[in-house]
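The lines below spell out each chain.
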Amino acid sequence: MTLLLLTLQGILARRRSWWVGLLAAGAAALLTPGLALVESIHDGTRRSLIESGAGHLHVYHSGSPQTPVLLTGPAGAPELVPFDDYPATEALVREVEGVQEVVPLEAGTATVFRGNYLDEKLAVVRAVAREPASPEREARLGRLAADLRRTMERVVQDERRREEAFTGEGIVAEDRLALEEVSSEAFWTRFTAEPLPALELIENRVAKLAGEGESLPLDYLGTEPVRFARAFPRFELVSGQLPPPGSRGVLLGQAAYEQNFKLPIALRMDELRRELSRGGQLAGDERLRTLVERNLAELPDLLARLDVERSSALQAALARVLGHPGELEPLLREFLSVEDGNFESRYGLFYSELAPHLPLYRVRPGDTLTLRNRVLTAASVPVRIWGTFRFSGLGGDSSQVNATSLVDLVSARLLAGRQTQEQARESQELIEAFGMDREKLSEGGFSRPVIVDPEPEAAEAVPVPTSKEVLPETFTEGELLGGSVLQAAILLRPGASPELVSERIRQLAGERKQTLAITGWQDVGGAFSGVVEMSQVVLLVLAGLLGFFVLLVSAGTLLLMAKERVGEVGTQRAIGMQRREVFLGMLLEGLVLGGLGGVLGSALGAGLLMAVVGGGMPVGDELQFFLGGAVLRPHLGVGHGLTVTLGVLAVVTVAALVPAWRGSAVEPVVAMRRRED
């Protein structure tokens, strides 16, 4: 007690020592909120991954060369070995206490073809041509045919100009004959009587001359969409419906739907709305003004995509909104020349008055989308679009996780070129019937069936909505789970320990001789989990730098004070204090300064953090996935302050060791002589 009182008196008497406490307080004030934020990032990313497809655990075949991932990157899907018997695997996992749901999955990337403006016009004409005969149908078909004829005349003129400019790059003979035919009066006379054969000629030979469209990547998860939606709480159906059980199809991620299939002008209007709502201004932001200019520059492309019916309706709507008549292009240009003062009203009118007459999306729920394997280029799997979905609170339509689509397992399996058990048996029977050795067959022979489009020559020119069905629309439960499954997400009940569940699954798998491997959400998260690790590394580096700075300055300060206290030490030794007591007194001084500074600094850092974001701070779309939602509420507990305080105390203690040792080592005679000097 006496030693403590002497220490406190010494601290109060020597204000220079307070710098050590201030340094400790400053370091603690920075590290306490830093530790809380890093834990918030860790917890937010963990919840985001678990609640959007990764689950708490992932199970896969232990013979797989790689581990499963939730989101495929540029390298594509990892190489995984299918389960030997997935139903048995799922039954084993469900036996373990704490398991709430098991969802079969398969991650991959496909490509989809987005047609050109002529494809969209042809799709509208084809839909009308297939309607039952009626006077209304004939009148509408006549208007659309006249508009299509004018479009064909522009295509022919553009092709002739191209041939004049590039004399050595003429089109093939069949396409030239097709152009001559669609330019004749006889063709359009036949078109009125038999529109469908005429449309086939335009689609197969002429449409590609207007531009080949665009092939787009589409990340997907093969799964059971209904079970997936039930298992993961962040799933939110935006449009359409869930596929009925046993139905093939796709649920498009809302971000992929918006970015890949929405009218570019509308997409830029949405981006302008987001930026202006955040405080941006058109008058002072060159990037925002560029978006407006790009919309105006793309008006000719938009007008080329409009048929006569939409053009007339859009022109009438613009005249009504702007308050004066005019031609379509000048009216549309005036409307889209937005400014800060009129943008909000124009944005509302765009969707309420103009959007109903625009091709806002290239595909819609109910249409058919053809998925293609990026490697097996001949493989083509048409699926129905049942709707769109997003994961709520994870970045909106700009988040990569919301760009991932859901495909039924059967279609995903066909897209990957893997056989079902029934197909494998048929292949084996054929091999045995022909007396061949299966091991000597190439991988592309019998083991990878290819679904070929019945019209491969026209495949690239067929618009997405009219892709032909080449596969059954439904499947049985046996086809769903009886085929190969690559991985499965495991969701646990509240309070269940992932470590205990993992260990129990491994024990059961060993007892039943099932080749299973288990990994956690961190490995499945891939690059997203890497952000958590990076934030932890950054905090450790910051803590190390701060600790080193506090160590150097504190050691220097305490060493200087030890030199100044030589006489005082001599007096203490002369009245009977032992060297050990002097050493402990000087060390205790550093402990008190470090402890008080750590406590005060941690309290200050916690107070500042709660004052700034204690009630919740809005999070931008770019960070929502990593922070677990649209609002940041940092997890600040007693453990954070205690950890930081102990860390700072340890650093100051280390800094005080050398000064205390050197200060207590002075002999009493020497110390008294220096004091007299």
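Now for a description of the structure that goes with this document. All values reported here derive from a predicted model rather than from experimental measurement.

1. Some words on the nonpolar core
Line of reasoning, step 1. Counting 79 residues, the largest nonpolar core has Leu-354 and Leu-371 as the members making the most contacts within it.
Line of reasoning, step 2. Ranked by size, the runner-up nonpolar core spans 26 residues in total, among them Ala-229, Ala-231, Phe-235 and Phe-391.

2. Observations regarding the pattern of salt bridges
Line of reasoning, step 1. All told, the structure shown has 25 salt bridges when counted by the stated rule.
Line of reasoning, step 2. Residue Glu-271 is joined to Arg-287 by a salt bridge in which the shortest nitrogen-to-oxygen separation is 3.0 Å. One end of the pair, Glu-271, is in helix H11 (residues 264-277); the other, Arg-287, is in helix H12 (residues 286-297), with 16 residues separating them in the sequence.
Line of reasoning, step 3. You can call Arg-287 partly exposed: its relative accessible area is 40%.
Line of reasoning, step 4. A salt bridge links Glu-275 to Arg-278; the nearest nitrogen and oxygen atoms lie 3.6 Å apart.
Line of reasoning, step 5. If you follow the salt bridges from partner to partner, you end up with Glu-90, Arg-94, Glu-101, Glu-224, Arg-227 and Arg-230 in one network.

3. A look at the pairing of strand E6 (residues 368-373)
Line of reasoning, step 1. Of all 6 residues in E6, 6 are buried, a share of seventy percent or more.
Line of reasoning, step 2. Residues Thr-368, Thr-370 and Arg-372 of E6 are buried on one face, and the alternating residues Leu-369, Leu-371 and Asn-373, pointing to the opposite face, are buried as well.
Line of reasoning, step 3. The sheet contact formed by E6 and strand E7 (residues 380-391) spans 5 bridges and is antiparallel. Across the sheet, residue Leu-371 finds its bridge partner in E7, namely Val-381.

4. Let's talk about helix H7 (residues 185-193)
Line of reasoning, step 1. All of the buried residues along H7 are Phe-187, Trp-188 and Phe-191. Buried positions in H7, seen along its axis, are confined to an arc of 90° and lie on one side of it. Along H7, the residues that are exposed and aim more than 90 degrees away from the buried face are Thr-189, Thr-192 and Ala-193.

5. Here's the deal with the packing of H11 against H12
Line of reasoning, step 1. Where H11 meets H12, the axes come as close as 10 Å, and the angle between the chain directions of the two elements is 160°. In this view, H11 runs roughly antiparallel relative to H12, as classed from their interaxial angle. Relative to H12, H11 is oriented so that their crossing is left-handed. In contact with Pro-264, Ile-265, Arg-268, Met-269, Glu-271, Leu-272, Glu-275 and Leu-276 of H11, H12 contributes Arg-287, Leu-288, Leu-291, Val-292, Arg-294 and Asn-295.
Line of reasoning, step 2. Classifying every residue of the contact of H11 with H12 by side-chain character gives 8 nonpolar, 1 polar and 5 charged.

Rules of the game
Residues numbered from 1 in each chain as written. Predicted model: local features only at pLDDT ≥ 70, side-chain atom pairs only at ≥ 80, totals over all residues. Heavy atoms only, no water. Core = buried A, V, L, I, M, F, W, Y, C linked by side-chain atoms within 4.5 Å. Buried < 20%, exposed > 50% of the residue type's maximum accessible area, 1.4 Å probe, protein only. Salt bridge = Lys/Arg side-chain N within 4 Å of Asp/Glu carboxyl O. Helix = DSSP H or I, 4+ residues; strand = E, 2+ residues; numbered from the N terminus. Pairing = 2+ DSSP bridges. Arc of directions from axis to C-beta. Axes fitted to C-alpha atoms, helices over the stretch in contact; angles between N-to-C directions. Parallel < 35°, antiparallel > 145°, perpendicular 65-115°, else oblique. Left-handed = near helix turned anticlockwise from the far one by under 90°. Contact = heavy atoms within 4.5 Å. Nonpolar A, V, L, I, M, F, W, Y, C, P; charged D, E, K, R; others polar.

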